[in-house]
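Remarks on the overall topology
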Amino acid sequence: MRRFKSILSRFLSADVLLWVYPLVLIAPNIGLDITETYPLFVKILNVLLPAGVYLLLTALSPLTGRTVVLALPLTVLAAFQVVLLFLYGESIIAVDMFLNVVTTNVSEATELLGNLTGAIFTVIGLYLTTLVWGIVLWSRRCRVAASNLKVARRSASGLLTAALVAYVVCLTAVPQFRLVRDIFPLNVVRNMWTAVERTRATEAYAETSAAFDYHPTATRPDSVRQVYVLVVGETSRADNWQLLGSPRPTNPHLSRRSNLVVYPYALTESNTTHKSVPLMLSHVTAETFNDSIYSTKSIVSAFGQAGFNTAWLSNQARNRSFIEFFAREADSTLYISDDRRAHYDTDLVEPLRRIIEADTTGRLFVVLHTYGGHFNYVDRYPAEAARFKPDHAFAADASERNILLNAFDNTVCFTDSLLDAVIGTVERAGGLGAVLYCSDHGEDIYDDPRGRFLHASPVPTYYQLHVPMLIWMSDGLRASCPELYANAQRNSGKQVSSSRDIFDTMLSLAGLETPYADSRNDLTSARYTEHPRIYLTDHNEAVPLKSAGLRQYDFDFLARKNISAE
Ligand SMILES: [Zn+2]
C-alpha cells in the first residue's frame, strides 16, 4: 500500500505536471493541424510556438500547481476549442460563437449543450483533472526539482528557436500569413476582442441608426385595402420541401394553393440567424453589412415611413440585437413567448387575424418571425401534427438520422400549415395582398460522412445555405399588377440570393419606392439580375462562395440541384 502511494505521489508530482500541462494545452493545436488546410509551415508553427510558450510559462516557477491554477484562462480556451472540434470537426472558435452566447436564448443554448454531453465530459474531464491536480499540488506547496526545471527551460528555448525559424519561413513563403489570424489561441483571443467591439457597436445602435430614413413613396391608391406579410422562417431547408423537390408529402396545403411562386435556387449568404435576418430585412447586403448595419433601419421602418400600419409578431425570444431592434420599429410588437410558455408557430395566426381586423389605415405590413425547424425538432409541432414517425430520437446522433429527419419533415409540414393559414387570413382580408416566406438558413442533419449537425458553424455547408423561399399574391394584386406575378414566375428559375433579394422584392410587392431600392434585386421586376454567389464570413467580409470553406460534398450537392456556386 505504501509502495502504491509512493508510485502515485511520484506519478502525480509537480515534475510530471510540468510536462503534462503544456501537452494538454496544445491538444487543440494538434487537432486544428489535422482538421484545417493550413500550409505545412503554419501547421508546424501552430504547434512549436504555443508549445514553447506554454512550457516556458509552466517552467517559470517551481510551484507548477500555482502556475496551472493561474493559467486557468488558457485552460478554458483550450477546453472550449476542443469541444468545438468535437462538435463541428473543424475551425477555431468564431466571433459569431461568442455573439451567439449573448444573442441565443437560454433554452436554445441548453438544447445545444444537451447534445454535447459526451464531448463535454471527455474534454472537461481532461482539463478539469489537470486543474484539480494543480490545486492539490499548490495547496501542498509541491515544487519541481531544480534540475527538471532547467531541462524544461532549455527545451522551451529550443522549441521557441525552432518556432522562430518556422515563423520566418511563414512570413516569407506563405501569402497573407498573419500570426494573430493563423495561430491558436491568438486567433481566438482576437475573435473575442472583435466580439466585444461588435457588442459595443450593437449597444450604441439606437443612437447610430436614429437618423436613418428610407424616404419611401407609396404608389398604390389609398382607396384599396392592402395587407402584406413577410414570414421569416427559421432553420428550414429546401431539400425537405415537397414544393422544391422532396419526394415526401411535406407541403400538403401549399401544393394545393394557386397564386404561389417558389424559388428552388435560393441560397442565403449567412448561416447564422443574427446576420441572415438583418440581411433579409434591410437594404444592407453582405458587401455593406460591416460598415452599414449599425446605422440602418429595417424594412419595417420603410413601410412605417410610407404611412403603413406595421406589426411584428414573433415566436422567438428577444435577442438583444438587430432582430429585436427591428421589431421595435413596428407600431405594434408581440413576442408570444414573453409569457414564458412554449408556443407553436401557428399561435401567431390569431394575433395576425386580430391585427388585420383592427387595422383602420387600410395599409398594413406585418412581419412574422417563426421558430420553424429549429432544434429540438419535435418541440416545434404538437404530437398530433406528426405525420412522419417515429420522430422522437433518443440522442442527436448519426445513427438516429432517419428519426431526426422524420421530426424535421414534420416541422416542414407544420410550417406548410402555418403558411396556408397566413395566406388564408390575408386572402380573406380582400384587396391587395401578398405573403413572402423565406427561411433564414438551413441545417445539417448528419447528411454526409462529415457527420455535421445543426447550423451556424464557422464554415457553412450546402445544407445550411439552400433555403426554401416562396411568394403568394392575392387575386386582387394579380389583377391590379399582372406584371408582378409574371415577373415573379419568370424569375423563379433564376439563381436567387435570399439575403439580397427579399428587401427589394417585398417593397415592390407593396408598391413602395425608395432611393435605397434596387430593381436588380427585385424578383417581381423584369430587371432582376443574378449576382455572383457570395458569403458573409465570421469577420463580416463578403467573400466569393467558393472561398467560404465549402467542401467537395457541398459543391457536388449544389451541382446536383442546379445551383451555381459562382
Ligand atoms: Zn436561424
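This text gives an overview of the structure that appears in the document.

Parameters at a glance
- Residues numbered from 1 in each chain as written.
- Predicted model: local features only at pLDDT ≥ 70, side-chain atom pairs only at ≥ 80, totals over all residues.
- Heavy atoms only, no water.
- Helix = DSSP H or I, 4+ residues; strand = E, 2+ residues; numbered from the N terminus.
- Buried < 20%, exposed > 50% of the residue type's maximum accessible area, 1.4 Å probe, protein only.
- Contact = heavy atoms within 4.5 Å.
- Areas by Shrake-Rupley, 256 points an atom, 1.4 Å probe, with all protein chains shown as cover.
- Core = buried A, V, L, I, M, F, W, Y, C linked by side-chain atoms within 4.5 Å.
- 1 Å grid on protein atoms, 1.4 Å probe; cavity = no way out; pocket = protein on both sides within 12 Å on 5 of 7 lines; lining within 4 Å.
- Points joined across faces, edges and corners; volume = space filled by probe spheres on them.
- Nonpolar A, V, L, I, M, F, W, Y, C, P; charged D, E, K, R; others polar.
- Arc of directions from axis to C-beta.
- Donors = N, O, S within 2.8 Å, 3.2 Å for Na, K, Ca; no water.
- Axes fitted to C-alpha atoms, helices over the stretch in contact; angles between N-to-C directions.
- Phe/Tyr/Trp six-rings, centres within 6.5 Å; stacked < 30°, edge-to-face > 60°.
- Lys NZ or Arg CZ within 6 Å of the ring centre and 35° of its normal.

What to know about the overall build of the protein chain
- The secondary structure content of the protein chain amounts to 24 helices and 15 strands.
- Expressed as lengths along the three principal axes of its C-alpha atoms, the size of the protein chain is roughly 90 × 50 × 45 Å.
- Each of the 566 residues in the protein chain was classed as buried or not, and the buried ones make up 56%.
- A separation of at least 24 residues holds for 76% of the contacts in the protein chain among residues at least 6 apart in sequence.
- Put simply, the protein chain shows about 23800 Å² of open surface, and 59% of that area lies on carbon and sulfur atoms.

Looking at the nonpolar core
- Membership of the largest hydrophobic core comes to 59 residues, with the highest contact counts inside it found for Tyr 228, Leu 230, Ile 299, Phe 303, Trp 312, Phe 365 and Met 506.
- Those residues in contact with Leu 230, other than ones at most four positions away along the chain, are Leu 281, Ile 299, Phe 365, Val 366, Val 367, Leu 368, Leu 436, Ile 502 and Met 506.
- Ala 71, Tyr 88, Ala 94 and Phe 98 belong to the second largest nonpolar core, which has 53 residues in total.

Some words on empty space enclosed by the protein
- Under the criterion given, the structure shown has two cavities of 30 Å³ or more.
- Of the pockets and cavities examined, the largest cavity occupies roughly 90 Å³.
- Around the largest cavity, the lining is made up of 15 residues, and of these Glu 269, Val 496, Ser 497, Pro 532 and Arg 533 lie nearest the centre.
- Counting residues per element, the ones that place at least two in the lining of the largest cavity are β12 (496-497) and α23 (498-509).
- In this structure, the second largest cavity occupies an estimated 70 Å³ of space.
- For the second largest cavity, the lining is made up of 14 residues, of which Asp 96, Asn 271, Thr 272, Ser 457 and Pro 458 are closest to its centre.
- Mapped onto the lining of the second largest cavity, the elements with two or more residues apiece are α7 (95-103) and β14 (534-536).
- A class-by-class count of the residues in the lining of the second largest cavity yields six nonpolar, five polar and three charged.

Details of helix α24 (residues 552-560)
- Those residues of α24 that fall on the buried side of the exposure criterion are Asp 554, Phe 555, Phe 557 and Leu 558. Here the buried residues of α24 occupy an arc of 160° about the axis, which is enough to place them on one side. Across from the buried face of α24, at angles greater than 90 degrees, the exposed residues are Gln 552, Ala 559 and Arg 560.
- Asn 562 sits one or two positions beyond α24 and adopts a positive phi of about 60°.

Notes on the coordination of the zinc ion
- Within the protein, the zinc ion binds to Glu 234 (OE), Glu 234 (OE), Thr 273 (OG1), Asp 440 (OD) and His 441 (NE2); these donor distances fall in the range 1.9 to 2.8 Å.
- Of note, the zinc ion draws all its donor residues from one chain, in the sequence arrangement E-x38-T-x166-D-H. Taken together, the positions of Glu 234 in the loop between β2 (226-233) and β3 (260-262) and Asp 440 in the loop between β8 (432-439) and β9 (444-445) put the pair 206 residues apart, joining distant regions of the chain. Each member of the pair, Glu 234 as well as Asp 440, carries the same accessibility label: buried.

Regarding the packing of helix α2 (residues 14-25) against helix α3 (residues 27-35)
- In the contact formed by α2 and α3, the axes pass within 4 Å of each other and the chain directions differ by 35°. Contacts between α2 and α3 involve Leu 23, Val 24 and Leu 25 on the former and, on the latter, Ala 27, Pro 28 and Asn 29.
- Tallied by class, the residues present in the contact of α2 with α3 amount to five nonpolar, one polar and no charged.

So, the packing of aromatic side chains
- Scanning the entire structure with this criterion turns up 24 aromatic pairs.
- Relative to Phe 325, the ring of Tyr 205 lies with its centre 5.0 Å away and its plane at 10°, an arrangement referred to as stacked. Of this pair, Tyr 205 sits in helix α13 (residues 205-208) while Phe 325 is found in helix α17 (residues 322-328), placing the two residues 120 residues apart along the sequence. When sorted by exposure, Tyr 205 lands in the same class as Phe 325, which is buried.
- Through a chain of ring-to-ring contacts, three or more aromatic side chains come together here, namely Tyr 205, Tyr 294, Phe 322, Phe 325 and Phe 326.
- Note that Arg 237 overlies the ring of Phe 408, its terminal NZ or CZ placed 5.7 Å from the centroid.
- Sitting above the plane of the Tyr 485 ring, Arg 478 keeps its charged end 3.6 Å from the centroid.

Brief notes about the environment of Ala 71
- Position of Ala 71 relative to the elements: it lies in the loop between α5 (64-70) and α6 (72-88).
- Each C-alpha atom, one on Ala 71 and one on Val 42, is 25 Å from the other, the two residues being 29 residues apart in sequence.
- Not counting chain neighbours up to four residues away, the residues in contact with Ala 71 comprise Tyr 21 and Leu 57.

Some points on the side chain of Arg 198
- With respect to the helices and strands, the residue Arg 198 is situated in helix α12 (residues 186-203).
- If we ignore the near neighbours within four places in the chain, the residues touching Arg 198 are Val 95, Asp 96, Leu 99, Lys 275, Tyr 294, Asp 538, His 539 and Asn 540.

As for the environment of Val 169
- Secondary-structure assignment places Val 169 in helix α10 (residues 146-173).
- Val 169 sits 127 residues away from Val 42 along the chain, and the two C-alpha atoms are 8.9 Å apart.
- With near-sequence residues (within four places) excluded, Val 169 lies in contact with Phe 41 and Val 174.

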